[in-house]
Amino acid sequence: MDSQHTRKSHFRRLVKYLKPYRLAFVIAIIGMLGYAGVDTFFFYHIETLIDDGLGANNPTILIYGAIFVPLIFILRGFFNFISTYFLSYVGFHIVTTMRQELFEHLMRLPVSYHDKVSTGDLISKITYDTQQLAEANSRAILTMIREGAFVVGLLGLMIYHSWQLSLVFLLIGPAIGKIVAVVSRKFREVSSKIQTAMGNVTTSSEQMINGHQVVVMFEGQKQESERFGKINNQTRQQNMKLVNIRTISTSVIQFIASLSLAAVLFIASFPTMLEQLSPGAFTTLLTCMIMLLRPLKQLTNVNADFQRGLAAAASIFAVLDEEQEKDTGTVRVDRVRGDVAVEHVTFRYNKKKSPALDDVSFTIPTGKTLALVGRSGSGKSTISSLLTRFYEHESGTIKLDGVDIRDYELKSLRRQFAVVSQSVTLFNDTIANNIAYGANSQVSREDIERALKLAYADEFVAKMPEGLETIVGENGVMLSGGQRQRIAIARALLRDAPILILDEATSALDTESERHIQKALDNLQQNRTSLVIAHRLSTIEAADEILVMDHGKVVERGTHSDLLEKGGAYAQLYHMQFGSEGS
C-alpha cells in the first residue's frame, strides 16, 4: 500500500502536467465557483420571497422573483458550461500527454523489461489506467471544487441566519472527515486490485485472440472460457467491493447529517430560538441543511473516482520510472565496414545460474559469412541479440570495426544491421509501407520495386488486386509464410545495412518457398557481412565459417567440408538431416 508521502508525490507530479493548461484550469475554477455562487445566491433570496413577498402580501416581490429565477438559471447554465468544458479540456489534454509519454517510454525500455511484463498488462495501462486518470482530472475535480464551494456557501448562509444552529451542523465535520479518510484508504486498495484485474482481462483476451486457431484446433474453448470467466469474475467482485464501500459510506455520512438536522429542529423548537428566526430565515436555514446532504453525498462518491485516479497515476508512474535502455555511446558513424569481433563473451538471462553464452569468441571479416548451428537453446539467437545490444553482455567484448559496440550510439549501431528472422513482424498497412519501414532515408517507388524484385516478391505482389497498396492485415495475416518472409527480405534490402543477421529465416518454409527465398537471400548477402543462424544445414554450406554451438559454448568450428571430415557434432547433424545423401 502506498505511503502518504508517496501519494503526495504522485499528486504533485500530476499537477506538473497541469502547468501548460493553467489558464484553462483557472477559467474552469471560476466557472465552478460561479456555479456554486449562483446556487447560494438563489437560496439567500428565499427569505425575501417568504417574508417580504408571501408574509407581507407584496405581489411585486413575487413578480420580481418570476423574472429573477429564469435569469439565475441562464447564468447557472453558463457557469456550468464553462466549468465542464474547460476542465474536460484540461483533463483530456493531460491524459493524452500521459498516454503519449507512456507509449513512447515503452518503446525506449529495454527488451528485458518487455520479457517480464505481459503485453496485455501494458495495453491495460495505456488504455484503462489512463482513462481512470481522466476521471480524476475531470469529474472528480469538478465535483470536489464545485460542490465544495457550494457546501461553504450554504454553511456561510446558515451561519448568517443563526450561528447557534449552524454550530450543531459544524460539529459533524470531524466525524465525516474520519469516515472519508478510512474510505479513501479502502478505495485505493480496491482500485489497485481492479487495475491488476483489468490487466489480466486484457492479457487473457489477447492470448485467446492471437491463439484463436490453436484454441479451436485443440478444443481449448472450455478451458479458455473457464480461465477468462475466473478473471472476469474477479474484476466484478472488486468493482462490487468499490460500490459497497461507496454506498455504505454515503449512507453513514447522510445518517450522521440527518442526526444533526434532527438536533437543529429540536433546538429550534425552544421559544428563545423561535423568537429570533423569521419564517423566511428558518425556511432558508432548513433548506440549506437539506441541500447540504446532496453535495456531501457527491463529495463522498467522487472520493472513489479521485482515489481510483491516484491509484492509476501510481500504476502509470511506476512504468514511467522504469529505467530506459542505456545509451552511453558517443561514436556516430554513417556506415561501418562490417568487421565483427566477439571476444570471450559470457551472458546470462535475468541472472540465471547457467549462462546462455559461455566464453564465446569468433570473428566475421568484412563481407564474409559466419553460420551458427546447434540445438534449440544453444545460444545462437542470443548472439544476434547481443550484437544489436538488445541485451548487455556481462563479460568479454564485442567490437565492430575495432570499436567496442558499447561506444556506439544505439541508433547509430542498429542502423548497421538488417535482421530477417523466422517470425516476421508486419504492420496492418500496405505492402509498400511495410517494405519502406525502417529505411534510413526517404525511398522512392522505384527503390521499393527494385527491392521487391531482388526479394523475388514482385511476382505475387503483381497478382494482388491493389499491388503494392494491398493492406496485409494484422501481422501480415493476409499473406502466406513465404510471402511474409520475402516482404521482410525486401525490407532488409531497402535498409541496405552493411551487416546482415539471418535468424532461421527459412526454417518454417516449404521446399519451393525456400528455393525462392534462398535466391533472395543470396541477393541480400552480396557485399555484406552476414551472420546466419540456421537449422537447415543446406542453407549454410557456402558459409566462410561454421560454428557449432551447444549449451552456450562453441564446440566446433570450420568450413562445411572441414567439419564433415572431422566427423564430429556437425557431421552428426548433417547426416541426421540428409541421411545417406550427405555421406
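Fair warning: this is a prediction, and the values are worked out from it, not measured in the lab. (Residues numbered from 1 in each chain as written. Predicted model: local features only at pLDDT ≥ 70, side-chain atom pairs only at ≥ 80, totals over all residues. Heavy atoms only, no water.)

Caption draft 1: How the structure looks around helix H13 (residues 380-387). Of all the eight residues making up H13, seven are buried; the element is thus mostly covered by neighbouring parts of the structure. Positioned one or two residues after H13, Arg389 has a phi angle of 60 degrees, which is positive. (Buried < 20%, exposed > 50% of the residue type's maximum accessible area, 1.4 Å probe, protein only. Helix = DSSP H or I, 4+ residues; strand = E, 2+ residues; numbered from the N terminus.)

Caption draft 2: Seen up close, unusual backbone geometry. Here the phi dihedral of Asp496 falls at roughly 55 degrees; this positive angle occurs in a residue that is not glycine. Secondary-structure assignment places Asp496 in the loop between helix H18 (481-495) and strand E7 (499-503). Here Asn527, not a glycine, exhibits a phi torsion of approximately 60 degrees, which is positive. Note that Asn527 resides in the loop between helix H19 (511-525) and strand E8 (529-533). When its relative accessible area of 76% is taken as the criterion, Asn527 is described as exposed.

Caption draft 3: Just the environment of Gln100, in detail. Counting through the fold element by element, Gln100 comes out in helix H4 (residues 59-108). Its relative accessible area of 43% is what places Gln100 among the partly exposed residues. In this structure the C-alpha to C-alpha distance between Gln100 and Ile126, which are 26 residues apart in sequence, comes to 8.7 Å.

Caption draft 4: Just the sheet that holds strand E2 (residues 357-364), in detail. Here we have four strands laid out as an open sheet, ordered E2-E1-E4-E5, and antiparallel in their pairing. Every other strand in the sheet has two partners, leaving E2 and strand E5 (403-404) as the edge strands with one partner each. By the bridge criterion, five bridges tie strand E1 (residues 340-347) to E2 in an arrangement that is antiparallel. Among the inter-strand pairings, Val340 is bridged to a residue of E2, identified as Ile364. (Pairing = 2+ DSSP bridges.)

Caption draft 5: Representation of the sheet that holds strand E9 (residues 545-550) within the structure. The six strands lie next to each other as E6-E7-E8-E3-E9-E10, forming an open sheet whose pairing is mixed. Across the chains shown, the open sheet's two edge strands, defined by having one partner strand only, are strand E6 (417-421) and strand E10 (553-558). Between one strand and the next, the sheet's axes are offset by a mean angle of 15 degrees, whatever the strand orientation. Across five bridges, the pairing between E6 and E7 is parallel. (Axes fitted to C-alpha atoms, helices over the stretch in contact; angles between N-to-C directions.)

Caption draft 6: Up close: a positive patch on the surface. The grouping of Lys8, Arg12, Lys16, Lys19 and Arg22 at the surface amounts to a positive patch. If you tally residues by element for the positive patch, the top one is helix H1 (residues 4-16), at three residues. Note on placement: Arg12 falls in helix H1. The class for Arg12 is partly exposed, based on a relative accessible area of 46%. (Patch = residues over 30% accessible without salt bridge, like charges linked within 9 Å, V, L, I, M, F, W, Y side chains within 5 Å. Areas by Shrake-Rupley, 256 points an atom, 1.4 Å probe, with all protein chains shown as cover. Salt bridge = Lys/Arg side-chain N within 4 Å of Asp/Glu carboxyl O. Lys, Arg positive; Asp, Glu negative; His and termini not counted. Charge placed at Lys NZ, Arg CZ, Asp CG, Glu CD.)

Caption draft 7: Structural detail: the packing of helix H16 (residues 445-454) against H18. Put simply, H16 and H18 touch, their axes get as near as 8 Å, and they point 125 degrees apart. Taken as axis vectors, H16 and H18 run oblique relative to one another. As for the relative orientation of H16 and H18, their crossing is right-handed in sense. On H18, the residues touching Asp447, Ile448, Ala451, Leu452 and Leu454 of H16 are Ile487, Ala490, Leu493 and Leu494. (Parallel < 35°, antiparallel > 145°, perpendicular 65-115°, else oblique. Left-handed = near helix turned anticlockwise from the far one by under 90°. Contact = heavy atoms within 4.5 Å.)

Caption draft 8: View of the packing of aromatic side chains. For the structure on display, the rule yields ten aromatic pairs. An angle of 25 degrees between the planes, with centres 6.3 Å apart, marks the rings of Tyr570 and Tyr574 as stacked. In this pair, Tyr570 and Tyr574 are both assigned in helix H21 (residues 569-578), four residues apart and thus about one turn of the helix distant. An identical accessibility class is assigned to Tyr570 and Tyr574; each is buried. Put simply, the rings of Phe81, Tyr85 and Phe86 pair up and form one aromatic cluster. (Phe/Tyr/Trp six-rings, centres within 6.5 Å; stacked < 30°, edge-to-face > 60°.)

Nothing here speaks to function; it is all geometry.
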